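Residues per chain, in single letters:
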Amino acid sequence: MKFKKGQDRVVVVVVSLGIAIKFPIIHVWNVVRLLYRYMGMGSKQKYHWELFDEIVGVLFRGLTANWGEFLFYWQTGNAFLQPTYLSLFGLMNIQRAGEPCLLKCEDLWFQFDELTEGKVGDLHHFTNIENFCVYKGGLRMLDYGSPASRRVVAQYGTKIAKDFKMGKKR
């Protein structure tokens, strides 16, 4: 078993079963800090519903990322995505595991930039080699929990899956 921790989720990779299990991190401490900051600036600075939206967003980012990944994979079946087999309403996702991607970050980014005609935009997801794996010789995306990464995959995922070269590009 391997454990990985991201900003909003913890991943347990069960190598013997070939699966990764993703659990959301509930950011309670961040909400406490947000409330403290809100109280310090006075109630006139921010409307209560805006604060509520911000609290919900901070608390449940990992849960919404899990649920978004599951729905997006099942709606698109995009070949660039590592399949998310099951989600328990975002509380736990089960995804197929793959081999680690050994490319350098700059080689990864260079091809994404080229294959998306410079429109990849989502730097966080597309520059981190940890967000990708290799499955049956092709590059697959592991972390597609953000709406920005899903927009890129919706538009360019098929092209990336087909044209991405696993060897060095430069």
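Please refer to the structure placed before this passage.
Small disclaimer: the values here were computed from a predicted structure and weren't measured.

Enquirer: Can you help me understand the packing of aromatic side chains in this one?
Expert: The geometry of an aromatic ring pair comes down to the distance between the two centres and the angle between the two planes. In the structure shown here, the tally under the stated rule is 11 aromatic pairs. The interplanar angle of 55° and the centroid separation of 6.4 Å between the aromatic rings of Phe72 and Tyr144 together place this pair among those described as tilted. Linking Phe72 in helix α3 (residues 61-76) with Tyr144 in the loop between β8 (138-141) and α6 (147-163), this pair joins segments that are 72 residues apart in sequence. Each member of the pair, Phe72 as well as Tyr144, is classed as buried. Ring plane angle 45° and centroid distance 6.1 Å describe the contact between Phe126 and Phe132, whose orientation is recorded as tilted. Neither Phe126 nor Phe132 differs from the other in exposure class; each is buried.

Enquirer: Which parts of the structure should I look at to understand unusual backbone geometry?
Expert: In the Ramachandran plot, Phe89 falls in the positive-phi region, its phi being about 55° despite a non-glycine side chain. As for its position among the elements, Phe89 is in the loop between β4 (84-87) and β5 (93-96). By relative accessible area, Phe89 is classed as exposed at 66%.

Enquirer: Is there a simple way to explain helix α4 (residues 105-115) in this structure?
Expert: Residues separated by three or four positions in an α-helix point in the same direction, a consequence of the helix having 3.6 residues per turn. All of the buried residues along α4 are Asp107, Leu108, Gln111, Phe112 and Leu115. Along the axis of α4, the buried residues cluster in a sector spanning 130°; they form a single face.

Enquirer: Looking at this model, I keep getting lost on the sheet that holds strand β7 (residues 132-135). Mind explaining?
Expert: Strand pairing in a sheet relies on backbone hydrogen bonds, with the paired strands running either antiparallel or parallel. Spatially, 3 strands are ordered β6-β7-β8 in an open sheet, and the strand pairing comes out antiparallel. Of all the strands in the sheet, the pair left with one neighbour each is β6 (99-100) and β8.

Enquirer: It is not clear to me how the state of the cysteines should be interpreted in this structure. Could you clarify?
Expert: Think of a disulfide as a covalent bridge from one cysteine sulfur atom to another cysteine sulfur atom. Within the structure shown, the criterion is met by 0 disulfides. Free of any disulfide, Cys101 has its nearest cysteine sulfur in Cys133, 8.3 Å distant. Look at Cys101 and you get buried, because its relative accessible area is 9%.

Enquirer: Which parts of the structure should I look at to understand a nonpolar patch on the surface?
Expert: A surface patch of nonpolar side chains, amounting to about 660 Å² of accessible area, comprises Ile26, Val28, Trp29, Val32, Phe52, Val56 and Phe60. Those elements that place two or more of their residues in the nonpolar patch are α1 (28-41) and α2 (48-59). A per-element tally of the nonpolar patch places α1 first, with 3 residues. Looking at the secondary structure, you find Val28 in helix α1.

Enquirer: Can you help me understand the pattern of salt bridges in this one?
Expert: Side chains that differ in sign of charge can pair as their charged atoms come close. Inspection of the entire model under this criterion finds 7 salt bridges. For Glu69, the salt bridge goes to Lys22, with nearest N and O atoms at 3.0 Å. Residue Glu69 is found in helix α3, and its partner Lys22 is found in strand β3 (residues 19-24); the two are separated by 47 residues along the sequence. Lys22 matches Glu69 in its accessibility class, with the two residues each being buried. Salt bridges linked by common partners bring Arg9, Lys22, Glu69 and Asp143 together as one network.

The rules behind each value
- Residues numbered from 1 in each chain as written.
- Predicted model: local features only at pLDDT ≥ 70, side-chain atom pairs only at ≥ 80, totals over all residues.
- Heavy atoms only, no water.
- Phe/Tyr/Trp six-rings, centres within 6.5 Å; stacked < 30°, edge-to-face > 60°.
- Helix = DSSP H or I, 4+ residues; strand = E, 2+ residues; numbered from the N terminus.
- Buried < 20%, exposed > 50% of the residue type's maximum accessible area, 1.4 Å probe, protein only.
- Arc of directions from axis to C-beta.
- Pairing = 2+ DSSP bridges.
- Disulfide = S-S within 2.5 Å.
- Patch = residues over 30% accessible without salt bridge, like charges linked within 9 Å, V, L, I, M, F, W, Y side chains within 5 Å.
- Areas by Shrake-Rupley, 256 points an atom, 1.4 Å probe, with all protein chains shown as cover.
- Salt bridge = Lys/Arg side-chain N within 4 Å of Asp/Glu carboxyl O.

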